[in-house]
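Listed below are the residues making up each chain.
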Amino acid sequence: VVTLVVTDLRGYTSLSERIAPEQLSHFLSQYFSRMTEVVRKHRGMVNKFIGDAVMAVFGAPVRDPAHALHAARAALAMQAEFGVLRQSREGLGGDSMEMGIAIHTGEVFVGNVGSARRMEYTVIGDPVNLAFRLEGLNKDLGTSILTTRETLALLGEHAKAEDRGVITVTGRSQPVQVFELLAVDWGEPTEPRMENRHG
């Protein structure tokens, strides 16, 4: 059981049309470097970059009983760091861009997947798909950070969130109750451990 954090940039396509490829590469390098550092500081691991999206996992490869709390703290810190980057010289006038984030907790497979010639350490499972779908809802709801009941159950009193309703997500038969994460405390983690049902 892990907590996933998925980010995506709004306005990135427009920015890529306005600037040279070299400038775009520099911007992405700055962005990825800053996001990776924030994730690392909160005990997470960036698993992959997909275009301008970032997928980070908390609770693997090293088990972490406070993975949900660390993920929530990282998401808020990533949002703040993006604000700094957007206004900086490296932001390249990207002040019109926004970053959407999704946080979701669930049971996944974590390990090497691929062919005999190329292997990749990755995270697979329905929670991954849901996290990406959830992130996309930020644009529709006008939110910055969305999360689910599964994550909030672990965050408990550490988090402040607003119920944004039950939404049918593309590609899923079961609707999902989504919440906007507004704040999380920065004290010592005390959340209970969510055990993998297979032991």
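Turning to the overall build of the protein chain, a few remarks are in order. Assigned secondary structure in the protein chain consists of five helices and nine strands. Starting at the N terminus and walking to the C terminus, you meet the elements of the protein chain as β-α-α-β-β-α-β-β-β-α-β-α-β-β. Of the roughly 10100 Å² of accessible surface on the protein chain, 49% is carried by carbon and sulfur atoms.

Right, let's talk about the confidence of the model for the protein chain for a bit. Of the residues in the protein chain, 90% reach a pLDDT of 70 or more, and the chain-wide mean stands at 88. Across the protein chain, the secondary-structure element scoring lowest on mean pLDDT is helix H1 (residues 12-18), at 79, and the one scoring highest is strand E7 (residues 145-148), at 97. Counting interchain partners and residues more than four positions distant, the pLDDT-below-50 stretch residues 189-199 has 27 contacts.

Once that is clear, we can look at the pattern of salt bridges. This structure, assessed with the given rule, holds ten salt bridges. Between Arg 164 and Glu 162 there is a salt bridge, with the nearest N and O atoms lying 3.9 Å from each other. Residue classification places Arg 164 among the partly exposed positions, given a relative accessible area of 28%. A salt bridge links Arg 164 to Glu 180; the shortest N-O distance between them is 3.3 Å.

Peptide bonds are trans in most cases, and residues, glycine excluded, mostly fall at negative phi. Of note, the amide linkage connecting Ala 60 to Pro 61 takes the cis form, showing an omega dihedral of 0°. Considering the arrangement of structural elements, one finds Pro 61 in the loop between strand E3 (53-58) and helix H3 (67-87). One non-glycine residue, Arg 43, lies in positive phi territory at about 70°. Tracing the sequence through the fold places Arg 43 in the loop between helix H2 (21-41) and strand E2 (44-50). For Arg 43, a relative accessible area of 56% translates into the label exposed.

Rules used throughout
- Residues numbered from 1 in each chain as written.
- Predicted model: local features only at pLDDT ≥ 70, side-chain atom pairs only at ≥ 80, totals over all residues.
- Heavy atoms only, no water.
- Helix = DSSP H or I, 4+ residues; strand = E, 2+ residues; numbered from the N terminus.
- Areas by Shrake-Rupley, 256 points an atom, 1.4 Å probe, with all protein chains shown as cover.
- pLDDT = per-residue confidence, 0-100.
- Contact = heavy atoms within 4.5 Å.
- Salt bridge = Lys/Arg side-chain N within 4 Å of Asp/Glu carboxyl O.
- Buried < 20%, exposed > 50% of the residue type's maximum accessible area, 1.4 Å probe, protein only.

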